[in-house]
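Summary of structural features
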Amino acid sequence: MKTILNVTNLTKTFGRLTAVDALSFNINKGNVYGILGPNGSGKSTTLGMILNVVNPTSGAFSWFEGTENTHQALKRVGAIIERPNFYPYMTAAQNLRLVCRIKEVPKAKIEEKLALVDLLDRKNDTFKTFSLGMKQRLAIASALLNDPEILILDEPTNGLDPQGIAQVRDIIQKIATQGTTILLASHLLDEVEKVCSHVLVLQKGKQIYFGKVNELTKDHGYFELNATDMEALQSALDSLSFIENSALKGAFIIAHPNTTLSAAELSKALTAKGIIVTHLAQKHKSLEEQFLTLTQNQQA
Amino acid sequence: MKRLFLIEFDKLRTNRSSRILIGAYFILLTSIALIAAIKFDIGPIKFHLAEQGIFNFPYVWHFNAFIGAWFKIFLAVVIVSMTANEYSNKTLKQNLIDGLSKREFLHSKWVIIFAFAGISTLFIFVVSLILGLIYSNYTEVSVILKDFEYLLAYFVKHVAFFAFCLFLGTAIKRSAFALGFLGIWQMFEGFCYGILKWKSPSWLDADQVFRLFPLNAMSNLIPEPFTRLSAVRNLANQVEVDVFKNTNVQFWDIVIVLLWAYIFYFLTYRLLTRRDL
């Protein structure tokens, strides 16, 4: 698989504070990565370093397998960090034209990208007249001008109203389905859960997890069951060797397996014991629950 | 190079206050020609400034280069604000993320510095040539081509001054404070000169030390032209005042100013590379 970004032992200290502590990870082509962590955990500093605006204290990173220096590589990257930054006195189209000059890409794409983020009718209005949502969308259009090989987003929905959040998410999902590699930093877990396949979890600058989202915690998921005779169901479950425990929670019985178990296997085993289930659902812990487990384990 | 120029040109072109300041600057430069219109006609005293030899070749190069340099503060404001605004709008950060290197960013500003200084020099050349051709008593080519070093000095002086402004804009990040600092620095140099004159030991020549100060070095490049005027000289002779100081462009002043321009370039680059955004 083609490596887009390689980071080794990247560290940044501000005085006595270690904002980013020896991060090492790889970004491969085609995946959608999330950087997860509470405010102040070093997400933006990490992105700042790989984007050439924050000088690393130690460690290294290389873009596209080290074939190009950082500023050349960044022409193949699209990035939006924190707040959208544009020239307030320039129109949307003028701002994008400047970005085209910097990235050395043809200006032909300006209209197309403005249309993608639904700003075509405002292209001749100056940036300072835009609402925050429009500014954020213009930033996305700007980041897409070069049809980037990787799109980097830092808290793209921060400060937006629900409609703006939905619009930005739609755009991100549209881009993700086109096969563009994405690196998304956020403290909003459901945001990451919705689009990311891989996740980097940071806490106080330290990397506490890097890998696939569904392998974040060693977890076999759980089952939600319902039957006409609940007591019979629970005793049947308890008699199964691969069920660790079961408990009645509200209208359902929640059963945790101690191994990888499919719903079909469980259904078959219960039928063999003469139990007909009226409801059977396999569930996984939400990213939020997994994240909390992970950070708590780390603190313990 | 062309790319860097176009990037910076776009930023200036679309900014209304930059357009106004640049426009005002060139109108003021042209207004030197209005000096020609200064005429007194009070009874027995008839005085027409243009007839006093100020537009004679080659003196006109010196005179106009000296007067023209007064207006450079207009372009200085443009340069300081175009740099400071990159910080306040955080567009420097965005430029870097978009794939401009810090060196390219600095060079795009320097291309504009050279463009400003170059166009201004060309402007002074054209205005002086026209005024000279109208009013000069001598229009032989050999005379016209004399004293071109004042134009060279004019160019160098502007490049160095703008380099200073670019450095201040980068270092202070706020246009108004950077311009204020420029004023304070000017006073500081005067203050230092006073101290030097007063307290320097006998083996140290205060004037030679003062010659090394950036703003003073820039102003030394084109000495005042007035004592060169024959009318002034005649008057000075009558009252027996010695005003025959050197009014030529000194080689070492050019070297000192070029050195300062390089120092400002270097310091600006260092600031850009060391600072986190």
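Residues numbered from 1 in each chain as written. Chains lettered and ligands numbered in written order. Predicted model: local features only at pLDDT ≥ 70, side-chain atom pairs only at ≥ 80, totals over all residues. Heavy atoms only, no water.

Side note on the nonpolar core
Counted only if it meets this: Joining through side-chain atoms within 4.5 Å is the link that ties buried Ala, Val, Leu, Ile, Met, Phe, Trp, Tyr and Cys residues into a set, and such a set is a nonpolar core. Each residue's exposure class comes from its accessible area (1.4 Å probe, protein chains only) as a fraction of the maximum for that residue type: buried when under 20%, exposed when over 50%, partly exposed otherwise. Working definition: helices are DSSP H or I runs of at least four residues, strands are E runs of at least two. Numbering for both runs from the N terminus. Residue contacts follow a heavy-atom distance rule, with two residues in contact if any of their heavy atoms lie within 4.5 Å.
Ranked by internal contacts, the top residues of the largest apolar core, which has 112 residues, are Ile50(A), Trp63(A) and Ile152(A). Ranked by residues supplied to this core, first place goes to helix α8 (residues 149-172) of chain B with 15 residues. What Ile50(A) contacts, discounting residues up to four positions off in sequence, is Leu5(A), Val7(A), Leu10(A), Phe61(A), Trp63(A), Thr70(A), Leu74(A), Ile152(A) and Leu183(A). Counting 46 residues, the second largest nonpolar core, distinct from the first, contains Leu36(A), Phe86(A), Ala92(A) and Phe127(A).

Some points on the pairing of strand β9 (residues 206-212) of chain A
Short version of the rule: What makes two strands pair is DSSP finding at least two bridges between them.
Bridge count for strand β8 (residues 198-203) of chain A against β9(A) is six bridges, and the pairing is antiparallel. Bridge pairing links Val201(A) to Tyr209(A) in β9(A).

Examining a nonpolar patch on the surface
Residues and elements named next belong to chain B. Stated formally: Like charges within 9 Å and nonpolar side chains (Val, Leu, Ile, Met, Phe, Trp, Tyr) within 5 Å are joined into patches, using only residues over 30% in relative accessible area that form no salt bridge. Exposure was quantified through the Shrake-Rupley algorithm and a 1.4 Å probe, taking into account, for residues, occlusion by the shown protein chains and nothing else. Salt bridges are identified by distance alone: a Lys or Arg side-chain nitrogen within 4 Å of an Asp or Glu carboxyl oxygen.
A contiguous nonpolar patch, built from Ile38, Phe40, Ile42 and Ile45 and spanning about 390 Å² of accessible area, is present on the exposed surface. Within the element layout of this structure, Ile42 appears in strand β1 (residues 39-42). A relative accessible area of 55% means that Ile42 is categorised as exposed.

Concerning helix α3 (residues 92-103) of chain A
Helical periodicity: at 3.6 residues per turn, an α-helix aligns residues three or four positions apart in one direction. Test applied: Helices are assigned an expected span. That span is 1.5 Å times one less than the residue count.
In this model, α3(A) (twelve residues) spans 17 Å end to end at C-alpha, consistent with the 16 Å of a helix rising 1.5 Å per residue. α3(A) sits mainly inside the fold: ten of its twelve residues count as buried. Of all the positions in α3(A), only Ala92(A), Ala93(A), Asn95(A), Leu96(A), Leu98(A), Val99(A), Cys100(A), Arg101(A), Ile102(A) and Lys103(A) are classed as buried. Packed against the buried residues of α3(A) are β5 (77-80), α4 (109-116) and α5 (132-144) of chain A together with α1 (2-13) and α5 (91-97) of chain B.

Observations concerning the side chain of Glu224(B)
Residues and elements named next belong to chain B. Threshold: Polar contacts, as counted here, are pairs of nitrogen or oxygen atoms within 3.5 Å of one another; within protein the pair requires one atom able to donate a hydrogen and one able to accept it, and residues that are adjacent in sequence qualify only if both atoms are side-chain atoms.
Mapping Glu224 onto the fold places it in the loop between α11 (214-221) and α12 (230-238). Residue Glu224 is classed as buried on the basis of its relative accessible area of 19%. Within polar-contact distance, the side chain of Glu224 engages the backbone nitrogen of Phe226 at 2.9 Å.

What about empty space enclosed by the protein?
What counts, and what does not: Lining residues are those with an atom within 4 Å of a point, where the points come from a 1 Å grid over the protein atoms alone and group into cavities, where a 1.4 Å probe fits but cannot get out, or pockets, open sets with protein on both sides within 12 Å along at least five of seven lines. Grid points are joined across faces, edges and corners, and a volume is the space filled by probe spheres set on the points. Side-chain classes are defined by residue name, with Ala, Val, Leu, Ile, Met, Phe, Trp, Tyr, Cys and Pro counting as nonpolar, Asp, Glu, Lys and Arg as charged, and the others, Gly among them, as polar.
Going through the model one piece at a time under the given rule, you end up with two cavities of 30 Å³ or more. A volume near 60 Å³ is recorded for the largest cavity. Every residue lining the largest cavity is listed: Asn85(A), Phe86(A), Tyr87(A), Asn95(A), Leu98(A), Val99(A), Ile102(A), Thr91(B), Gln94(B), Asn95(B) and Asp98(B). At the level of elements, α3 of chain A together with α5 of chain B are the ones that each hand at least two residues to the lining of the largest cavity. Element by element, the count of residues in the lining of the largest cavity is highest for α3(A), at four residues. Class assignment for the residues of the lining of the largest cavity results in five nonpolar, five polar and one charged. Estimates place the volume of the second largest cavity at around 40 Å³. Lining the second largest cavity, in full, are Thr83(B), Phe105(B), Leu106(B), Lys109(B), Leu166(B), Thr170(B), Thr268(B) and Leu272(B).

A word on the pattern of salt bridges
Residue and element names in this part refer to chain A. In total, this model carries 23 salt bridges over all chains according to the counting rule given. The salt bridge partner of Lys113 is Glu112, with a shortest N-O separation of 3.2 Å. On the basis of relative accessible area, Lys113 is assigned to the buried category, the value being 6%. By sharing partners, the salt bridges in this structure join Lys2, Glu68, Arg76 and Glu149 into a single network.

Remarks on the interface of chain A and chain B
Stated formally: A quick way to say it: buried area is the sum, across both parts, of accessible area lost when two parts are put together, with a 1.4 Å probe.
If you look at the interface, chain A gives 28 residues, while chain B gives 28 residues. Summed over both sides, the interface between chain A and chain B buries roughly 2700 Å², with carbon and sulfur atoms accounting for 50% of that surface. By the criterion of area lost to chain B, the three top residues of chain A are Val53(A), Asn85(A) and Ile102(A), representing 23% of everything that side buries. At the boundary of chain A and chain B, one finds three salt bridges. Notably, a salt bridge pairs Arg97(A) with Asp10(B), separated by 2.9 Å at the nearest N-O pair. On the surface where chain A and chain B come into contact, there are 15 residue pairs in polar contact (both at pLDDT 80 or more). Breaking the side of chain A that touches chain B down by element, the ones donating at least two residues are β1 (3-14) and α3 of chain A. Sort the elements by how many residues they give to the side of chain A that touches chain B and α3(A) lands first, with seven residues. A breakdown of the residues in the side of chain A that touches chain B according to their chemical character gives 15 nonpolar, five polar and eight charged.

Looking at the environment of Leu215(B)
All names here are of chain B. If you trace the backbone, Leu215 turns up in helix α11. Here Leu215 falls in the buried class, since its relative accessible area comes to 8%. On a C-alpha basis, the gap between Leu215 and Ala160 in space is 9.1 Å, while along the polypeptide they are 55 residues apart. The residues contacting Leu215, other than those within four sequence positions of it, are Phe161, Phe164, Leu182, Trp185, Gln186 and Glu189.

As for the confidence of the model for chain B
We apply this condition: Known as pLDDT, the predictor's confidence for each residue is given on a scale from 0 to 100.
Put simply, chain B has an average pLDDT of 89, and 96% of its residues get 70 or more. Overall fold confidence (pTM) sits at 0.86, and the ipTM for the predicted complex is 0.87.

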